[in-house]
Amino acid sequence: MTSPANPVYLGRYIRSLTDPRTGRHLAKNTLGDDVARFGDIALQSNDYLALARDTRIAQAKAEVLLDEGHGDAISRVFAHHLNDRHRAFERRVAGMMGADDAVLVMSGYTANLGVIETFALEGKPVYIDQRAHASLWAGIPSARAKACPFRHNDPWDLAQKIARKGPGLVVFDTLYSTNGAIAPLHDLVDVAEAGGCVIVADETHAFGTHGPEGAGLIVAEGLEDRVHIRTAGLSKAMAARGGVVVGSAANMECYRYEANPMIFSTAVLGYEVAGFDKTLDIIANEPWRARKLHLNHVLLKEGLMAEGFDVSASDSQIISLVTGSNENTAAFRQALARKGLVGSVFLPPATPQNASLIRFTVHANLTRDDIQRAIGICASARDDLHLAPGTAPLLAA
């Protein structure tokens, strides 16, 4: 027996998420499979440092898994007091990021959700960049706080809003996941401090790829003593699952016992922590990976701009081509895939309406030939669809 369809929801789903010409879901590859084929250039993974298949990490995890099992599948609340592998990793991350303490959590999403739930005050403003990650936005209604969005990467707009509404939380990403833009960190921190605000920075896309030994952009800019709380997902450069929150000892102790994701979710497992440690070892000992990543980003960005694509918003490792409507997105994605280039489709609500995009995430394993081929495929696909260079629907994110 099948469940009856909800006509209202189904109608919305068909209109917004499927290609009217093919009936296929727009986030899926219209060639019939949803992953890159052998020989394709895959620019859809967040494995920036090309560590996902590193056997040293797999070996470290396997040894712990075979020797100790996967560990207790319980809420971390019941084990925060232990001087165990989890706690040692937290101390390592805190030292690396120049913080008093750190908390290991289940994902970057739960890290952000828990921070806003725990530290935003009911009825008080949370000043949040319009393009901040959805997990940061999700915490605001949960805390019964007031969302006060400011224009993307615009410290002046932030200052005007703080002047009108008073102190609160100031929340932003250091490196944005949809357009690759780096936040104007010094200006944002100056404005937030002048307004008496608590500062929360999401380092997910900068952790592992920027700063000394991958400590992130806040450390790279010397702001670790001025930003109150930082978060980072471990699913990007670390190529794993999990997240961390760093800050003062008092704030981290509060987070441990007050954040709902800590109370009501199962802790990261022991063998996964062993993998985190080995990954940090590799990042520290092989800085060429980050250098190669940033070189590849420059080559791809400059090549696309030379072909007339406006990708000037991208500062690091993420490059997006805004394709406009869902229909345009499906057509352009199919044209790229047929020629052997796979990116990630971003649709509403991840983007504004009629601002869907194809996102390319650069990684350290790309060769110069790969990059030149990717540039040529983008130009060829655009020409096949009779789109003028630099014009809609191919605008910068």
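Residue numbering note: each chain is counted from 1, following its sequence as written. Only residues with pLDDT of 70 or above have their local features reported here, since the model is predicted, and side-chain atom pairs are shown and tallied only from 80 upward, although totals for entire chains, interfaces and linings are computed over all residues. No hydrogens and no water enter the side-chain calculation; it runs on all heavy atoms of the structure.

1. Things to note about the overall build of the chain
When helices and strands are tallied, the chain shows 14 helices and 13 strands. In this scheme, a residue with accessible area under 20% of its type's maximum is buried, one over 50% is exposed, and one in between is partly exposed, where area comes from a 1.4 Å probe on protein chains only. The 397 residues of the chain split such that 54% are buried. By sequence separation, contacts in the chain at least 24 residues apart represent 72% of the contacts at least 6 residues apart. Throughout, the Shrake-Rupley method with a 1.4 Å probe supplies accessible areas, and for residues the shown protein chains are the sole cover considered. Just so you have it, the chain exposes about 17,500 Å², and 53% of that area is on carbon and sulfur atoms. We count a stretch as a helix when DSSP gives it H or I for four or more residues in a row; a strand needs E for two or more, and each element gets its number in order from the N terminus. The contact criterion used throughout is that any non-hydrogen atoms of two residues lie within 4.5 Å.

2. Comments concerning the packing of aromatic side chains
Two rings belonging to Phe, Tyr or Trp (six-membered ring only in the last case) form a pair when the distance between their centres is within 6.5 Å. Interplanar angles under 30 degrees mark stacking, angles over 60 mark edge-to-face geometry, and anything in between is tilted. One pass over the structure, following the stated rule, counts one aromatic pair. Arranged with centres 5.4 Å apart and planes meeting at 40 degrees, the rings of Phe-89 and Phe-276 form a pair that is tilted. You can see Phe-89 sitting in helix α3 (residues 85-96) and its partner Phe-276 sitting in helix α11 (residues 270-285), a full 187 residues away along the chain. Each member of the pair Phe-89 and Phe-276 is classed as buried.

3. Things to note about helix α5 (residues 134-142)
Restricting attention to buried positions, one finds in α5 the residues Ser-135, Leu-136, Gly-139 and Ile-140. The arc that holds the buried residues of α5, viewed along the axis, is 155 degrees, so those residues lie on one side. On its buried side, α5 packs onto α4 (108-119), β3 (125-129), β4 (146-150), β5 (169-173) and β6 (198-202). In the stretch just after α5, Arg-144 is the one whose phi turns positive, near 60 degrees. Directions are taken from the helix axis to each C-beta atom, and the arc is the one they span.

4. Let's talk about the environment of Leu-185
Turning to its location among the elements, Leu-185 is positioned in helix α7 (residues 185-194). A C-alpha to C-alpha distance of 9.5 Å links Leu-185 and Asp-173, two positions 12 residues apart in sequence. Excluding residues that lie within four positions of it along the chain, Leu-185 makes contacts with Phe-172, Thr-174, Leu-217, Ile-218, Glu-221 and Leu-223.

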